[in-house]
Amino acid sequence: GAVVSQHPSWVICKSGTSVKIECRSLDFQATTMFWYRQFPKQSLMLMATSNEGSKATYEQGVEKDKFLINHASLTLSTLTVTSAHPEDSSFYICSARQPGIDTQYFGPGTRLTVL
Amino acid sequence: DAKTTQPPSMDCAEGRAANLPCNHSTISGNEYVYWYRQIHSQGPQYIIHGLKNNETNEMASLIITEDRKSSTLILPHATLRDTAVYYCIVTWASGSRLTFGEGTQLTVNP
């Protein structure tokens, strides 16, 4: 299957700082990427849909000014958690849709811990 | 997207077939059935998907009932590495958002 990478795989930051997470499709171009969040012992929750060259679409309850998404190229989407707080600590996972294959492929996830 | 119902947990002996059921009684004609799995602390892994016909790939087989109200994912020879949470998701197309339920925790025992 197609490969999606994320960087970093884990990050620890202080409260009030910003953290950027990168999601890359390594062997295909993705016009659409998705960002999910997963708290311990819970399922994945979709945060936003990212379309290349346009503004992201956020799910209800997700603060767009806090979770900034940029999809500047067909192989890269970034999620920036601004002014992070301990309650933002979570597992953040991206996925990318491979055109013509009708399948979303997921990255390995980024573990964010806010102190 | 149609709602899916899966058992919370299942056990399987190593080397035996694992049959994971999923109910999706409200599925509409153009909705696909997708299966993903998530091994602890990793991103979900795509397994297989189908619309109406049964499907098979190198990982698994997907059996969809004729009325499309339920399906079964079959891992023909389960290994310890197949221990994971398995998610059955119904959606219009892969470009659509995926709504993850609680899934089935499959534990493969030696």
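For the structure, check the block above.
The model shown is predicted, which means the values in this text are computed figures rather than measured ones.

1. Observations concerning the sheet that holds strand S8 (residues 84–91) of chain B
Residues and elements named next belong to chain B.
Now for step 1: Strand order in the open sheet made by the 5 strands is S1-S9-S8-S3-S4, with mixed pairing throughout. Taken across any chain shown, the strands that pair with only one partner, and hence form the sheet edges, are strand S1 (9–13) and strand S4 (45–50). Taking the axes of each pair of neighbouring strands and ignoring which way they run, one obtains an average angle of 25° across the sheet.
Now for step 2: Bridge count between S1 and strand S9 (residues 104–109): 5 bridges; the pairing is parallel. Considered in S9, the bridge of Ala-13 is made with Asn-109.

2. Remarks on the interface of chain B and chain A
How big an interface is tends to be stated in terms of the accessible area lost upon association of its parts.
Now for step 1: Facing 19 residues of chain B, the contacting portion of chain A comprises 19 residues.
Now for step 2: Of the roughly 1500 Å² buried where chain B meets chain A, counting both sides, 50% is carbon and sulfur surface.
Now for step 3: Across the pair A:Glu59 and B:Arg97 runs a salt bridge whose closest N-O atoms are separated by 2.4 Å.
Now for step 4: For the interface between chain B and chain A, the tally reads 5 residue pairs in polar contact (both at pLDDT 80 or more).
Now for step 5: Listed by contribution, the elements that provide at least two residues to the side of chain B that touches chain A are strand S3 (32–38) and S4 of chain B.
Now for step 6: Ranked by residues supplied to the side of chain B that touches chain A, first place goes to S3(B) with 4 residues.
Now for step 7: Along the lines of polarity and charge, the residues of the side of chain B that touches chain A split into 8 nonpolar, 9 polar and 2 charged.

3. Examining the pairing of strand S11 (residues 110–114) of chain A
Residue and element names in this part refer to chain A.
Now for step 1: The two faces of S11 differ: Thr-110, Leu-112 and Val-114 on one face are buried, but Arg-111 and Thr-113 on the other face are not.
Now for step 2: In this structure, strand S2 (residues 10–13) lies alongside S11, joined through 4 bridges in parallel fashion. Following the sheet pairing, Val-11 is matched in S11 by Leu-112.
Now for step 3: As defined by bridge partners, strand S9 (residues 90–98) adjoins S11 across 3 bridges and the pair is classed as antiparallel. Within S11, the position partnered with Ser-90 by the bridge is Leu-112.

Rules used throughout
- Residues numbered from 1 in each chain as written.
- Chains lettered and ligands numbered in written order.
- Predicted model: local features only at pLDDT ≥ 70, side-chain atom pairs only at ≥ 80, totals over all residues.
- Heavy atoms only, no water.
- Pairing = 2+ DSSP bridges.
- Helix = DSSP H or I, 4+ residues; strand = E, 2+ residues; numbered from the N terminus.
- Axes fitted to C-alpha atoms, helices over the stretch in contact; angles between N-to-C directions.
- Contact = heavy atoms within 4.5 Å.
- Buried area = accessible area lost by both parts, 1.4 Å probe.
- Salt bridge = Lys/Arg side-chain N within 4 Å of Asp/Glu carboxyl O.
- Polar contact = N/O pair within 3.5 Å; in protein donor to acceptor, adjacent residues only side chain to side chain.
- Nonpolar A, V, L, I, M, F, W, Y, C, P; charged D, E, K, R; others polar.
- Buried < 20%, exposed > 50% of the residue type's maximum accessible area, 1.4 Å probe, protein only.

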